[in-house]
Every structure is written in C-alpha cells, then in structure tokens.
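Residues per chain are reported as follows:
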Amino acid sequence: MAPHMDLVSECRAAAVRVLPHVRRTPTEYSPVLSEASGAFVYLKMENLQATGSFKLRGATNALLSLGEGEEAVVAASSGNHGLAVAHAARAATVRPLIFVPEAAAPSKVGAIEALGAEIRRVEGDPVLAESEARAHALETGLPYLSPYNDPAVVAGQGTIGVELEEDLERVDALFASMGGGGLIAG
C-alpha cells in the first residue's frame, strides 16, 4: 500500500477516535470571498473548537493514542498547542506539563493553567522552550508531544480533510495558514 494511503487510513481512524472529544466544525460557504475571487469559497470553522483552534484535533488524537500506563506528557507552546494539550489531557486522564516562552501571552498561559496544566516558563524564544521541553521529556522518560512533528498529531489535524471530503462534493484548491506545518501536513 502507498504511504499516502496509510496516512489517509490514519486520518480516518483519528476522526473516529477524536469524535467524542472534538467538535465536527461546519464548513461554511463565504459569499463575500466567493464573489471577490470568482470561485466557490468555503471556510472550515476551526475557531469553533473548544480551545479556539484546530490544534485540539491533533493533541486529542495523540493523547488518546498513548500506550497504557502513561500518566503525564510534556509539550512546548506559546499558546494554542498548550491549550489543546491541556484540554485533551482531561479526556486521556494524563497530567500535562507545558513549557512556555516568557513572552507568551499571559491570557493564553492563564487559560492553559486554568485547564489544569503545570506551566514551566522559559527565558527566550519559543525554540528554547521547545528545546527545554524535549530535554525534560528525555530526562524523565515522559512522552513529548510536538505540535507539528508527531505522526499522531498530524493524523489528528488530518481529520479536517476527512470532514472536508464528507462536506464538499469537490475541492479544487485548499488554502491553509502555515506556522510549524502541523495543519498542512495533516
């Protein structure tokens, strides 16, 4: 079987796995963007997820895919991934430890803490927070949950594609914002 087909299967399995824990967001037709572009434009409303972003899909799939006996996970985030991990940790009954850069928005850090995550602040930029989180995970043997470089996270983000396939008769082009690449990889 082609590697592409394996990823498709993983995304479909992830869609079933996360269904009780994430919202199946609407795919909304945009008259304004359609008129401006001369195409039929639809928007996937991931802002309606409980944490306000698509990252909940990947974090939930990854945490629900952990092996038996895992009690805690480590992640690094300046906001949305940390929120997603903290929220999904409740369903997976694991303790989340989130490394955040000092410059992270206080409102995001507060929201992550409010969901029950332990926070470790790291001086410097997000790359340093990720580096310290990875080192801590290696040191302690805890799983590290990457926001973009984890097959289970990517498959979880790919559940958006599963929904688009179900919602739309045809897709000629897909536009996605890109930061670390977790969304577009899925």
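Each chain has its residues counted from 1, running along the sequence as written. Owing to the predicted nature of the model, reporting of local features is limited to residues with pLDDT of at least 70; listing and counting of side-chain atom pairs is limited to 80 or more, with chain, interface and lining totals taken over all residues. With hydrogens and water set aside, each side-chain value is computed from the structure's full complement of heavy atoms.

Caption draft 1: Fine view of the overall build of the chain. In terms of helices and strands, the chain carries nine helices and five strands. Dimensions of the chain, computed from the C-alpha atoms along their principal axes, are close to 50 × 40 × 25 Å. Three exposure classes are used, based on accessible area relative to the maximum for each residue type with a 1.4 Å probe and protein chains only: buried under 20%, partly exposed in between, and exposed over 50%. Across the 186 residues of the chain, 44% fall into the buried class. Note on contacts: a residue pair is in contact if any heavy atoms of the two residues lie within 4.5 Å. Long-range contacts, defined as pairs at least 24 residues apart, comprise 60% of the intrachain contacts of the chain with a sequence gap of at least 6. Each accessible area is a Shrake-Rupley result for a 1.4 Å probe, and residues are judged covered by the shown protein chains and nothing else. Approximately 10,300 Å² of the chain is accessible, and the part contributed by carbon and sulfur atoms is 55%. Here Asp and Glu are counted as negative and Lys and Arg as positive; His is not counted, and neither are the chain ends. Charge positions come from single atoms, namely NZ of Lys, CZ of Arg, CG of Asp or CD of Glu. One finds the centroid of the 14 positive side-chain charges in the chain at a distance of 4 Å from the centroid of its 23 negative side-chain charges. Starting at the N terminus, helices and strands are each numbered in turn, a helix being any DSSP run of H or I of at least four residues and a strand any DSSP run of E of at least two.

Caption draft 2: Region of interest: the environment of alanine 92. Mapped onto the secondary structure, alanine 92 falls in helix H4 (residues 80-92). Relative accessible area serves as the criterion here: at 16%, alanine 92 is assigned to the buried category. Separated by 26 residues in sequence, alanine 92 and leucine 66 place their C-alpha atoms 8.5 Å apart. Once residues within four sequence positions are removed from consideration, alanine 92 is found in contact with Leu63 and Leu64.

Caption draft 3: Region of interest: a nonpolar patch on the surface. Within this analysis, patches are made of residues with over 30% relative accessible area and no salt bridge. Like charges are joined at 9 Å or less; nonpolar side chains (Val, Leu, Ile, Met, Phe, Trp, Tyr) at 5 Å or less. Between Lys or Arg on one side and Asp or Glu on the other, a salt bridge is scored when a side-chain nitrogen of the former is within 4 Å of a carboxyl oxygen of the latter. Taken together, the side chains of Val171, Leu174, Met178 and Ile184 present a nonpolar region at the surface, about 420 Å² in accessible area. Along the chain, the position of isoleucine 184 falls in helix H9 (residues 182-185). Overall, the relative accessible area of 42% leaves isoleucine 184 in the partly exposed class.

Caption draft 4: Fine view of the packing of aromatic side chains. Working definition: a ring pair exists when centres of Phe, Tyr or Trp rings (six-membered ring for Trp) sit within 6.5 Å. Plane angles under 30 degrees give stacked, over 60 give edge-to-face, the rest tilted. Taken as a whole and judged by the stated rule, the model has one aromatic pair. Ring geometry for tyrosine 29 and tyrosine 42: centres 5.4 Å apart, planes at 65°, overall edge-to-face. Taken together, the residues span a long stretch of sequence, with tyrosine 29 in strand S1 (residues 27-29) and tyrosine 42 in strand S2 (residues 42-44) at a distance of 13 residues. Overall, the relative accessible area of 39% leaves tyrosine 29 in the partly exposed class.

Caption draft 5: Structural context of the sheet that holds strand S4 (residues 95-101). Pairing between two strands is assigned when DSSP locates at least 2 bridges connecting them. Reading across the sheet, the three strands line up as S3-S4-S5 and stay open at both edges, with parallel pairing between neighbours. Strands with a single pairing partner mark the edges of an open sheet, and in this sheet they are strand S3 (72-76) and strand S5 (118-122). Strand-to-strand twist of the sheet, defined as the mean angle between neighbouring strand axes without regard to direction, takes the value 20°. Of the pairings in the sheet, the one linking S4 to S5 comprises five bridges and is parallel in character. Counterpart to isoleucine 98 in the pairing with S5 is isoleucine 119. Against the sheet, helix H5 (residues 106-114) engages S4 and S5, with an angle of about 150° to S5. Axis definition: a line fitted to C-alpha atoms, over the contacting stretch in the case of helices. Angles run 0 to 180 degrees between N-to-C directions.

Caption draft 6: Representation of the packing of H4 against H5 within the structure. At a closest axis distance of 9 Å, the pairing of H4 and H5 adopts a crossing angle of 10°. In terms of their interaxial angle, H4 and H5 are classed as roughly parallel. For the pair formed by H4 and H5, the contact residues are Asn80, Gly82, Leu83, Ala86 and Arg90 on the first element and Lys108, Ala111, Ile112 and Ala114 on the second. In the scheme used here, Gly and all other residues not listed as nonpolar or charged are polar, with Ala, Val, Leu, Ile, Met, Phe, Trp, Tyr, Cys and Pro taken as nonpolar and Asp, Glu, Lys and Arg as charged. Across the contact of H4 with H5, the residue classes break down as five nonpolar, two polar and two charged. Here is the rule for angles: anything less than 35 degrees is roughly parallel, anything more than 145 is roughly antiparallel, 65 through 115 is roughly perpendicular, and the remaining ranges are oblique.

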